[in-house]
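So you can see what is in the structure, the chains are spelled out below.
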Amino acid sequence: MPTIEQVVERDICVGCGACQFATRGEVNVSRNEQGYYSADLSRARPDSLTSASRVCPFSNESANEDAIVRQVFADIPKHDPRTGRYLSIAAARVNDDEYLQGSSSGGLTSWLLAQLLDGGHIDGVIHVGQGGDGLFSYRVSYTQQELRARRKSIYYSTSFNTALQSIHGDGRRYALVGVPCFIKSARLLCMQDPILAGQLAYFVGLVCGHLKSAAFAELLAWQCGIEPGQLAAVDFRIKQPGRDAGRYSFAARARYPGGHSASDDQWITRPTSELLGGNWGHALFQLNACNYCDDIFAETADVVLGDAWLPEYRADWRGTNILLCRNRLIQSLIDQATSTGELFLQAISPAQAASSQAGNFRHRHEGLALRLADDQSAGLWSPNKRVLADHNVVNARRRELIRRRRALSAASHELFAEARRQNALQLFIARITPLVQLYEKCNTPSLPRRLLGLAKRKLQLIRP
Ligand SMILES: Cc1cc2nc3c(=O)[nH]c(=O)nc-3n(C[C@H](O)[C@H](O)[C@H](O)COP(=O)(O)OP(=O)(O)OC[C@H]3O[C@@H](n4cnc5c(N)ncnc54)[C@H](O)[C@@H]3O)c2cc1C
Ligand code: SF4
Ligand code: SF4
């Protein structure tokens, strides 16, 4: 039996849409009541399920990241187990403060896409932007204006089947932007489909902590006074001049009866950290697929961009990217722009890159090892991963924390769907808060650990 069936049964489907593309729609991938895309295999014939399973990023019949990398990056010699292969690793940003206001981080992602388009290396970009099915969806941009308008991080479940279908066989070349599992499934599709392989010329990855269902945008907006049914648009990342880059704000805009949206100056903005759900550690509305993911730096992408969450960069409110390059043409574009001063760039080590994503590593390495072991003990199927199942990978306190986070995230989907049905935000808040408190209780270090941490920080302060 192809293991895509277990992927879907166990809700490990990330909704990418690769199976829908590979089976020409026999597998249907659509947004469910809980606000995330998932596959329906019920109408697929057995041979279609076999093809679908070969392109599913979570099935055991598809090539894993290491196998894909051996094929596509055979000529990239440098490798680190934490980051995958690379030509260079850096912290970087576009040297244009006005441009940076419209980007989530250092602006390198949209800047690079613009360079690829401008230089004639591609005809278009397949990426996520406003509109389509839901608040955001995969769109195809052909102009600099469209690229500039479709920026910032979209923490919202999407699927790329429709966008890929729309370009398939049109004789043009594209860059595809995506989180690591989407890049992986697009690579898998290209291994099966030479036409698509000829068209997807560049794979641009985004470092990924986890993906959220549509409920994330809705919960944050609801706390700003906009009910889910009235929500017209959100902005997940508004920079706060003078503040730490991680202290960004969220904004939402309403739709009035009759379908009119509030005007641009009617955005309601709140600091994300003040909103329930704004703490990424709580993992509210995280897709279950993300509990089974071990690829942080989009190892199969030509280039990957994220936030340089390191003390020396996060203090700069403008935002700074972490950048890992695995493609020589992209490397030359970056080198040239650095030499002319268009980009600020500082080389950093794989260890620094990994430490900029320390929480991600905890969740996806130690956390994954424990979750796999828990599944095994419960007799549940789980996908083959590069991380091995291990109950003893962490101490008892962290074991409890990892399990509570998983439970909190799972409960959030159900509880929000119920609150939405009853149109009662307070119901969700009342039910989720005790679970958040339980999580926070085991996340708070004991008194001796707090004192030790304080002593360490003091020592660092007095060090020359
Ligand atoms: C779900 C998610 C989780 C993330 N988690 C982390 C994390 O844990 N750590 C970290 O360092 N960075 C993470 N990032 C990346 C980070 O938020 C920024 O997106 C990244 O640093 C690029 O910023 P930028 O200023 O270069 O991009 P911008 O100049 O703002 O351009 C962003 C580009 O990415 C495209 N895009 C945005 N969201 C998506 C999406 N979901 N799918 C496809 N294309 C998209 C846009 O269309 C645009 O072309 C995450 C991003 C996403 C979408
Ligand atoms: S993860 Fe992607 S390929 Fe796998 S079942 Fe879900 S939509 Fe299909
Ligand atoms: S955490 Fe992994 S599985 Fe989840 S969206 Fe990101 S890359 Fe995909």
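Here is what the cut-offs are and how they apply
- Residues numbered from 1 in each chain as written.
- Chains lettered and ligands numbered in written order.
- Predicted model: local features only at pLDDT ≥ 70, side-chain atom pairs only at ≥ 80, totals over all residues.
- Heavy atoms only, no water.
- Near = heavy atom within 4 Å.
- 1 Å grid on protein atoms, 1.4 Å probe; cavity = no way out; pocket = protein on both sides within 12 Å on 5 of 7 lines; lining within 4 Å.
- Sits in = over half its atoms within 2 Å of the grid points.
- Nonpolar A, V, L, I, M, F, W, Y, C, P; charged D, E, K, R; others polar.
- Pairing = 2+ DSSP bridges.
- Helix = DSSP H or I, 4+ residues; strand = E, 2+ residues; numbered from the N terminus.
- Axes fitted to C-alpha atoms, helices over the stretch in contact; angles between N-to-C directions.
- Buried < 20%, exposed > 50% of the residue type's maximum accessible area, 1.4 Å probe, protein only.
- Polar contact = N/O pair within 3.5 Å; in protein donor to acceptor, adjacent residues only side chain to side chain.
- Areas by Shrake-Rupley, 256 points an atom, 1.4 Å probe, with all protein chains shown as cover.

## Some details on the site of ligand 3
Step number 1: In the neighbourhood of ligand 3, the contacting residues comprise F58, V179, P180, C181, C208, G209, H210, L211, C290, C293 and R364.
Step number 2: Placement of ligand 3 is best described as lying within the second largest cavity.
Step number 3: The class makeup of the residues in the shell around ligand 3 is eight nonpolar, two polar and one charged.

## Quick word on the sheet that holds strand β8 (residues 174-178)
Step number 1: The eight strands are arranged β7-β6-β8-β9-β13-β14-β5-β15 in an open sheet whose pairing can be described as mixed. One side of each edge strand has no neighbouring strand; the edge strands of this open sheet are β7 (136-141) and β15 (343-347). With strand direction ignored, the average angle separating the axes of adjacent strands in the sheet is 30°.

## Details of unusual backbone geometry
When glycine is set aside, most residues are seen to have a negative phi, and most peptide bonds are trans.
Step number 1: The backbone of K152 sits at a positive phi, close to 75°, despite the residue not being glycine.
Step number 2: Within the secondary structure layout, K152 lies in the loop between α7 (144-149) and α8 (161-167).
Step number 3: The partly exposed category is assigned to K152, whose relative accessible area is 23%.
Step number 4: One non-glycine residue, N423, lies in positive phi territory at about 50°.
Step number 5: Inspection of the secondary structure puts N423 in the loop between α16 (396-421) and α17 (425-443).
Step number 6: For N423, a relative accessible area of 45% puts it in the partly exposed group.

## Considering the site of ligand 1
Step number 1: Within the structure, ligand 1 sits among 34 residues, and S103, T109, S110, V128 and D307 are positioned closest to it.
Step number 2: At 2.7 Å, a backbone N or O of V128 approaches an oxygen atom of ligand 1.
Step number 3: Protein contact buries 97% of the 920 Å² of open area that ligand 1 shows by itself.
Step number 4: Among the secondary structure elements, those contributing two or more residues to the shell around ligand 1 are α6 (108-118), β6 (124-130), β8 and β13 (303-307).
Step number 5: Sorting elements by how many residues they give to the shell around ligand 1 places α6 first, with four residues.
Step number 6: Of the residues assigned to the shell around ligand 1, the class counts are 13 nonpolar, 16 polar and five charged.

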